[in-house]
Amino acid sequence: MQKLLINGKKELSGKISISGSKNATLPILAATILSDQVKLKNIPLVKDIFTMVELLKFIGLKVNVLKKKNIIIIQNLDKNIKTLAPYRLVKTMRAGVLVLGSLLTKYKKAKISLPGGCAIGTRPVNLHLFALKKLGAKIKIKNGYIIAEAKNGLKGANITFPSISVGATENAILAAFSANGKTVLRNCAIEPEIKDLIKFLNLLGGKIKTQGRKFEIYGCTKVKKNISHEVIFDRIELGTYMIAAALVGKKITFNKINSRVIQNEINILKKMGVKLKSHKSSIEILKSDNIKKINISTKPYPNFPTDLQAQLMVLMTRAHGTSKIKESIFENRFMHVPELKRMGANIEIKNKTAIIKGPSKLSGAEVMATDLRASVSLVLAGLVAENRTIINRIYHLDRGYEFLEKKLKNCKARIKRI
Ligand code: UD1
């Protein structure tokens, strides 16, 4: 099994290029079922994307990945389509459940494996099914599968989500895309990745309008051919490397991004004393010695993302005083805490809140990665720790971070995979 070795305390400088967003690409790939031929640019070549590609091929789409160009070309010739997402392809990558909305609206039926729980929580799909039922789908659960049918097609409806879910909003948008008539979705998730999905669907001929958390979708009757879409940058990857820069950077620059998308994170880092210059499409982080404590709660966009909680916690170990971070989205997302403590962090968990007393001097240790973002927090801890850190089970990292070692090595980090 592969491991990462990091010799910490090395000051980093240079430029880090940010890949396309994994979480925007996944629903857009699910949406290609609705098209005939599309070209997607700026695709991150990470494991989750390849799993989704496998799923689309299984369903019957033709997929051509141009690795050197980060481009995927997809054709749906509408021949030999299987309206099935098997367990083996959904169990490792929950976003597989997103093909449900597309298959159901286009082919009037779908059988999708229930994704089940994962390291960070139980992760139910009740909100996805709630929206699809409102659109007229008949749904039953049998042998671990969601079996959905809409014999006469889906019908537009008024749907108010009882709570905010990224995946459920995406599945509902996909299902409403070619439902008959108008759908109004309320209390939607408004993550930039959802906005990117809507941009893609509107290119495809959709009529989707957004106003805050209210989305209006007019059923599309004619899909446009041969469209091309460039996926937005990965704001979570950017946030991760911004925190790395705050921890050990001398001068690190990020270009070709849109700083407005992560304005909240920029403000939080500035409040923590990080020396940061932000422009419209670039950010520069300078050596930041005096990190201040802060209290944060994870919440849906535009608030602080749960996907950056573990990484920010590493920065909090460097802060003077006691910081708190409350995890309000997932019930089991503090798996990195015992590992950070083994590296010398002073962290206590009380209910949903981690209390971090700083500053702590971290020292290298052999640690175990448990999920995608927890893994990368251990990389950040390894970069700032004294001596050597060995990270096990790094396949989690490969699910979501493109060229991680290469990007860090370019900035002079001492990191290698064995
Ligand atoms: C997406 C992201 C993930 C991120 C999360 C929250 C992708 C591929 N993944 O995951 O990286 O951490 O948003 O920003 O984009 N819930 C229910 N019932 C449902 C659906 C969700 O109770 O049917 C709950 C979840 O358990 C969780 C909360 O709602 O507590 C938010 O989850 P959701 O926004 O759906 O996350 P995902 O779409 O799975």
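Residues numbered from 1 in each chain as written. Predicted model: local features only at pLDDT ≥ 70, side-chain atom pairs only at ≥ 80, totals over all residues. Heavy atoms only, no water.

### As for the domain arrangement of the protein chain
Per the domain assignment, the segments of the protein chain are domain 1 (4-19 + 233-417) and domain 2 (22-230). With centres defined by C-alpha atoms, the gap from domain 1 to domain 2 works out at 31 Å. Three residues stand out in domain 1 for area buried against domain 2, namely Tyr301, Arg399 and Glu402, and they jointly supply 32% of the buried area on that side. The interface formed by domain 1 and domain 2 includes 2 salt bridges. Note that Asp48 is salt-bridged to Arg399, the shortest N-O span being 2.9 Å. Scanning the region where domain 1 abuts domain 2 turns up 8 residue pairs in polar contact (both at pLDDT 80 or more). Split by residue class, the side of domain 1 that touches domain 2 holds 9 nonpolar, 4 polar and 10 charged. (Domains from an automatic or database assignment. Buried area = accessible area lost by both parts, 1.4 Å probe. Salt bridge = Lys/Arg side-chain N within 4 Å of Asp/Glu carboxyl O. Polar contact = N/O pair within 3.5 Å; in protein donor to acceptor, adjacent residues only side chain to side chain. Nonpolar A, V, L, I, M, F, W, Y, C, P; charged D, E, K, R; others polar.)

### Regarding the packing of helix α5 (residues 126-134) against helix α6 (residues 166-177)
Helix-helix packing is described using two parameters, namely the angle between the two axes and the distance between the axes. Contact pair α5 / α6: the axes reach a minimum separation of 8 Å and the direction vectors enclose 25°. As judged from the angle between their axes, α5 and α6 are roughly parallel. Judged by the sense of rotation from one axis to the other, the crossing of α5 with α6 is right-handed. Residues Leu127, His128, Ala131 and Leu132 of α5 form the contact with α6, whose participating residues are Gly167, Ala168, Asn171, Ala172 and Ala175. A class-by-class count of the residues in the contact of α5 with α6 yields 6 nonpolar, 3 polar and no charged. (Axes fitted to C-alpha atoms, helices over the stretch in contact; angles between N-to-C directions. Helix = DSSP H or I, 4+ residues; strand = E, 2+ residues; numbered from the N terminus. Parallel < 35°, antiparallel > 145°, perpendicular 65-115°, else oblique. Left-handed = near helix turned anticlockwise from the far one by under 90°. Contact = heavy atoms within 4.5 Å.)

### Points about the pairing of strand β14 (residues 227-230)
Burial along β14 is one-sided: Ile227 and His229 are buried, while Ser228 and Glu230, pointing the other way, are not. One ladder, built from 4 bridges, connects strand β3 (residues 37-41) with β14; its direction is parallel. Along β14, the bridge assignment pairs Lys39 with Ser228. (Buried < 20%, exposed > 50% of the residue type's maximum accessible area, 1.4 Å probe, protein only. Pairing = 2+ DSSP bridges.)

### Thoughts on the pattern of salt bridges
A complete count under the given rule lists 17 salt bridges for this structure. For Glu237, the salt bridge is made with Lys407, and the minimal N-O distance between the two is 2.6 Å. Placement of the pair is Glu237 in helix α8 (residues 235-248) and Lys407 in helix α14 (residues 404-409), with a sequence separation of 170 residues. Just as Glu237 is buried, Lys407 falls in that class too.

### Quick word on the environment of Tyr395
As for its position among the elements, Tyr395 is in helix α13 (residues 395-398). Placed 393 residues apart in sequence, Tyr395 and Gln2 show a C-alpha to C-alpha distance of 7.7 Å.

### A closer look at unusual backbone geometry
The step from Tyr301 to Pro302 runs through a cis peptide bond, and the omega angle for that step is 15°. Here Pro302 shows up in the loop between β18 (295-297) and α10 (309-316). Going from Gly358 to Pro359, the amide bond is cis rather than trans, its omega being 0°. Look at Asn80: it is not a glycine, yet its phi comes out positive at around 50°.

### Here's the deal with the sheet that holds strand β6 (residues 84-85)
In space, the 4 strands of this open sheet follow the order β6-β7-β9-β8, with mixed pairing throughout. Edge positions in the sheet fall to β6 and β8 (138-142), since each of these pairs with one other strand and no more. In this structure, β6 lies alongside strand β7 (residues 109-113), joined through 2 bridges in parallel fashion. Counterpart to Ala85 in the pairing with β7 is Ile112. With respect to the sheet, helix α4 (residues 99-107) is in contact with β6, β7 and β9 (145-149), its orientation differing from that of β7 by roughly 160°.

### A word on the pairing of strand β19 (residues 321-326)
Taken together, the 3 bridges between β18 and β19 define a ladder with parallel strand orientation. Its bridge partner being in β19, Ile296 is matched across the sheet by Ile325. With respect to chirality, the unit in which β18 leads through α10 into the neighbouring parallel β19 is right-handed. One ladder, built from 6 bridges, connects β19 with strand β21 (residues 353-358); its direction is antiparallel. Its bridge partner lying in β21, Lys324 is registered against Ile355. (Right-handed = clockwise from strand over helix to strand, strands pointing away.)

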